[in-house]
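Chain by chain, the residues:
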Amino acid sequence: MHSWFCNRCSFPRLNIGIAFVTISLALASCSALPRPERSDAQLREEKKALVERQLESLENVVDTVVARMEMIQSGATADSTYDVLLLSGGGDWGVFGAAFLNGWFENQELPIPEFDYLAGISTGSLIAAYTISGEAERYYEMEQFYLATDEDFITLGGPLGLGILPLITNAIAIADTSRVEAAVRGAIDDWLVADILRADQQNRVLAAGAVNLDMGLFNPFYLGPELEVAQNPRERLTKILLASSAVPAVFPPVEIDGDLYADGGASVGIPIFKLEVIPTIVERYRKQHGDAPPTIRFWLIFNNKLGVQPHVTARRWSDALLRSYKIALQTTLVAPFESLGRTADLLEQSGQASIELRWVAIPEDFEEADADAAFVPEAMQDLSLLGREMGRDAASWQTRRLGL
């Protein structure tokens, strides 16, 4: 399951070279699985309609955030700050974020807040969903979800496990995701749905990012409103979380409302969906109340290392492609973070709002027990212990800015 819950620095490491070759050849294949035809004009109209729905959803989110800020200022919430939790993707390294939150829950020096806005990409989307309740057992269950996996959690397809059969048949993906889907379905219960709906009633926002492959758009699914109108909330939630984690070509995309969706990490690495909405929220609050909103605190958990280490790249197309992919992936993690920092600085300097920005990532010197495999129990335990230890230590949080 390495690249399910994407945004590590490689595809499934069972054999990176074979994975890249398989994907390249599969994309070049002439045949394709049939789907209902839509004309270019129809697709353009549907994209326009989707953009309009996204703008409407975003407008509703702004109102929800302002309403929550009003609750905070009136003393109706547990905290006096507006706390935003953002979780990146990271594959099997998602156990770090789950364990970190578990450790943070035990931290007396820096108590974990009741998050007002939570958003995740890929593996981060499932962690965010479980974090919404703020209950100790949910933090524990999320960490155990990862620790219950092993090297066979995902396998490349075919009788030899090397993607041969999917290549021949031009299947929709080269990985077997049956265990992944079963695990996610097992993790989503009626209590989780109830937690999300309860948070929505309290004007708290929970979002999961995915990419609409048909429309070519990143789409933040706001889970509270989604589940409120869904005929089958558990199935809707399952589809969205699987879509947020569906690595293109490696995992099958998920069909939602007639369109195919894939891993949100294909577009952004950290779920800062619309930076321009932050000044809008501040402006609307000030317009309605005549003063600044409560302090906004951003907490970013990167289920990954930040920065690309120097490396001598071999003169082979596969090495060059993998290295380029890794650099691009790390840029999707750092660039939005830097943009968020600049937005926060502008609002701070103008006196419009007080914004704090804190982040944590897997240390650069962390070495996996087995760097050539994914979901290795020993490595997962090491990351779990690391996350727990860092979560208990308030000094783990960083405030310094990163350079590209």
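Residues numbered from 1 in each chain as written. Predicted model: local features only at pLDDT ≥ 70, side-chain atom pairs only at ≥ 80, totals over all residues. Heavy atoms only, no water.

With respect to helix H4 (residues 123-131)
Here is step 1 of the chain: Judged by how many residues are buried, H4 sits mostly within the fold: nine of nine residues are covered.
Here is step 2 of the chain: Restricting attention to buried positions, one finds in H4 the residues Thr123, Gly124, Ser125, Leu126, Ile127, Ala128, Ala129, Tyr130 and Thr131. (Buried < 20%, exposed > 50% of the residue type's maximum accessible area, 1.4 Å probe, protein only. Helix = DSSP H or I, 4+ residues; strand = E, 2+ residues; numbered from the N terminus.)

Here's the deal with a negative patch on the surface
Here is step 1 of the chain: Together, Glu151, Asp152, Glu378 and Asp382 line one region of the surface with negative charge.
Here is step 2 of the chain: Within the secondary structure, glutamate 378 sits in helix H13 (residues 377-392).
Here is step 3 of the chain: Note on glutamate 378: relative accessible area 48%, which makes it partly exposed. (Patch = residues over 30% accessible without salt bridge, like charges linked within 9 Å, V, L, I, M, F, W, Y side chains within 5 Å. Areas by Shrake-Rupley, 256 points an atom, 1.4 Å probe, with all protein chains shown as cover. Salt bridge = Lys/Arg side-chain N within 4 Å of Asp/Glu carboxyl O. Lys, Arg positive; Asp, Glu negative; His and termini not counted. Charge placed at Lys NZ, Arg CZ, Asp CG, Glu CD.)

Some points on the environment of lysine 48
Here is step 1 of the chain: Mapped onto the elements, lysine 48 comes out in helix H2 (residues 40-73).
Here is step 2 of the chain: C-alpha of lysine 48 to C-alpha of methionine 215: the two residues are 167 residues apart in sequence and 9.2 Å apart in space.

Some points on the environment of asparagine 107
Here is step 1 of the chain: Locating asparagine 107 in the fold gives a position in the loop between helix H3 (94-105) and strand E2 (117-121).
Here is step 2 of the chain: Judged by relative accessible area, which is 5%, asparagine 107 ranks as buried.
Here is step 3 of the chain: Each C-alpha atom of the pair asparagine 107 and methionine 390 lies 9.9 Å from the other, and the pair is 283 residues apart in sequence.
Here is step 4 of the chain: Discounting chain neighbours no more than four positions away, the residues touching asparagine 107 are Gly391, Arg392, Asp393 and Ala394.
Here is step 5 of the chain: Engagement of the side chain of asparagine 107 in a polar contact is seen with the backbone nitrogen of glutamate 109, the distance being 2.8 Å.
Here is step 6 of the chain: Of the polar contacts made by the side chain of asparagine 107, one reaches the backbone oxygen of arginine 392; its length is 2.9 Å. (Contact = heavy atoms within 4.5 Å. Polar contact = N/O pair within 3.5 Å; in protein donor to acceptor, adjacent residues only side chain to side chain.)

Overview of the nonpolar core
Here is step 1 of the chain: Counting 65 residues, the largest nonpolar core has Phe96, Leu101, Trp104, Leu237 and Ile301 as its most contacted members.
Here is step 2 of the chain: Residue contributions to this core peak at six residues, all from H3.
Here is step 3 of the chain: Residues in contact with leucine 237, not counting those within four places in the same chain, are Ile188, Leu192, Val193, Ile196, Leu223 and Leu227.
Here is step 4 of the chain: Ranked by size, the runner-up nonpolar core spans 44 residues in total, among them Tyr222, Leu300, Val334 and Trp359. (Core = buried A, V, L, I, M, F, W, Y, C linked by side-chain atoms within 4.5 Å.)

In short, geometric facts, not functional conclusions.
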